[in-house]
Amino acid sequence: MTIRKNVLLACSLMFAGSAAAFTYSIVASPDDPFAPCRKNDMVDFAQFGGGFTLTDETGTAVTDSQILDRPTLLYMGYTFCPDVCPLDNMRNAEAVYALEELGQEARAIFVSVDPDRDRPEVLADFTDVFHPEMIGLTGDQETLEKLAAAYHATFRFQDREDEFYLIDHTTYTYVILPGHGVVDLVSRDDTADEVAERMQCFAAQV
C-alpha cells in the first residue's frame, strides 16, 4: 500500500508540474481545423513530437513513420508502475476498442522509460493484457530522454539500488495523427468514451 501511495503522489506531482510548464504556450490559430475537437486550446502542438527509432516488443527497431500510420494514443510509463500506468493504458485501449466498433482505425502505443526491466518479452506481456494490437516500445536511456524532451514529458528514477525502484513520470497521453503529429493531450480524468469521441472529431477534420 505504501508503494502505491508513493507512486500515485509522485505521478500526481509530476503531472501538475507538467501542466504548469504549458502555461507559456500560445493560443491555437483560429485556422486550426482541430481546435473544435479539443477541451483546451492553450497549447501550441507544433512544439510537440519528432522522429524517433525505438525497439518494439519483438526486439525489432522501428521508426515513428512505421508505427504512427493511423490515429494513435501514445503513453510513456513503465510496467512496474503499480496503478497509474495500467489504468491509463486500459483507458487508451478501451478508446481504441470503441473506435474499432465504429469502423475507425486507431492504435495505442506504450513507451517504457524503464529499459532495464522492460525487456521486449515483458513489454509484450504487458501490452497484450490491454489490447492485442497495442505496441510496446523502449530504447536506451539517451534515446528515451530525447524522446521525452521532444514531447515535453519528464521521468525521474527514484533509488535505482532498490530492486523495486519507482519512476516519477508525467501521465499525459498524446493524440497523434499521421501527417499532423501531436494534435491533443489526454489527461488522467478523461474517460475512454471522451477520448474516442475526440479522436472521431479529429478524424473527421482530416
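The residue numbers shown here count from 1 along each chain, following its written sequence. Where local features are concerned, this predicted model is filtered to residues with pLDDT of at least 70; where side-chain atom pairs are given and counted, the filter is 80 or more; whole-chain, interface and lining totals use all residues. Side-chain metrics rest on all non-hydrogen atoms present in the structure, leaving aside hydrogens and water.

Draft legend 1. Structural view of unusual backbone geometry. The residue H152 is not glycine, and still its phi comes out positive at about 55°. When you line up the elements, H152 lands in the loop between α5 (141–150) and β6 (155–157). The buried label goes to any residue with under 20% of its type's maximum accessible area, the exposed label to any with over 50%, and the partly exposed label to all in between, with areas taken from a 1.4 Å probe on protein chains only. The exposure class assigned to H152 is partly exposed, which follows from its relative accessible area of 26%. Helix and strand definitions here come from DSSP, where helices need a minimum of 4 consecutive H or I residues and strands a minimum of 2 consecutive E residues; each element is numbered from the N-terminal end.

Draft legend 2. How the structure looks around a negative patch on the surface. To count toward a patch, a residue needs a relative accessible area above 30% and no salt bridge. Like charges then connect within 9 Å, nonpolar side chains (Val, Leu, Ile, Met, Phe, Trp, Tyr) within 5 Å. To measure how exposed things are, a 1.4 Å probe is used in the Shrake-Rupley method; for residues, cover is taken only from the protein chains shown. Here, a salt bridge means any Lys or Arg side-chain nitrogen found within 4 Å of an Asp or Glu carboxyl oxygen. Asp and Glu are treated as the negative residues and Lys and Arg as the positive ones, with His and the ends of the chain left uncounted. A charge is said to be at NZ when it belongs to Lys, at CZ for Arg, at CG for Asp and at CD for Glu. Residues E94, D189, D193, E194 and E197 make up a contiguous surface patch of negative charge. With 3 residues, helix α6 (residues 192–205) is the largest single contributor of residues to the negative patch. Position of E197 relative to the elements: it lies in helix α6. Residue classification places E197 among the exposed positions, given a relative accessible area of 55%.

Draft legend 3. Quick peek at the nonpolar core. To define a nonpolar core, start from buried Ala, Val, Leu, Ile, Met, Phe, Trp, Tyr and Cys residues and group those joined through side-chain atoms within 4.5 Å. If you look at the biggest cluster of nonpolar residues, it comprises 58 residues, and the most contacted ones within it are M76, V111, L137 and Y174. Not counting the four nearest positions on each side in its chain, M76 is found in contact with V111, V113, L147, A148, Y151, A153, H169, T170 and Y174. When checking whether two residues touch, look at their non-hydrogen atoms; a contact exists if any pair is within 4.5 Å.

Draft legend 4. Up close: the state of the cysteines. The disulfide criterion is simple: two cysteine sulfur atoms within 2.5 Å. Per the stated rule, a full pass over the model turns up 1 disulfide. Two residues share a disulfide in this structure: C37 and C201, whose sulfurs sit 2.1 Å from each other. Between C37 and C201 the sulfur-sulfur dihedral comes to about -70°; the bridge is accordingly left-handed. Linking C37 in the loop between α1 (2–21) and β1 (53–56) with C201 in helix α6, this pair joins segments that are 164 residues apart in sequence. With a relative accessible area of 5%, C37 lands in the buried category. In this model C81 remains outside any disulfide bridge; the closest cysteine sulfur is found in C85, 3.1 Å from its own. The class of C81 is buried, set by a relative accessible area of 2%. Residue classification places C85 among the buried positions, given a relative accessible area of 0%.

Draft legend 5. Broad picture of the packing of helix α3 (residues 84–101) against α6. In this analysis an axis means a line fitted to C-alpha atoms, helices contributing only their contacting stretch, and an angle means the value between N-to-C directions, from 0 to 180 degrees. Packing of α3 against α6 brings their axes to within 8 Å, and their N-to-C directions diverge by 50°. Here α3 lies oblique to α6, going by the angle between them. In terms of crossing hand, the pair formed by α3 and α6 is right-handed. For the pair α3 and α6, contact is made by R91, E94, A95, A98 and L99 and by A192, V195, A196, M199 and Q200, respectively. Of the residues in the contact of α3 with α6, the class split is 7 nonpolar, 1 polar and 2 charged. Oblique is the label for any angle not under 35 degrees, not over 145, and not in the 65 to 115 range, which are roughly parallel, roughly antiparallel and roughly perpendicular in turn. By convention, the crossing between two helices is left-handed when the near helix turns anticlockwise from the far helix through less than a right angle, and right-handed when the turn is clockwise. Classes in brief: Ala, Val, Leu, Ile, Met, Phe, Trp, Tyr, Cys and Pro nonpolar; Asp, Glu, Lys and Arg charged; the others, Gly included, polar.

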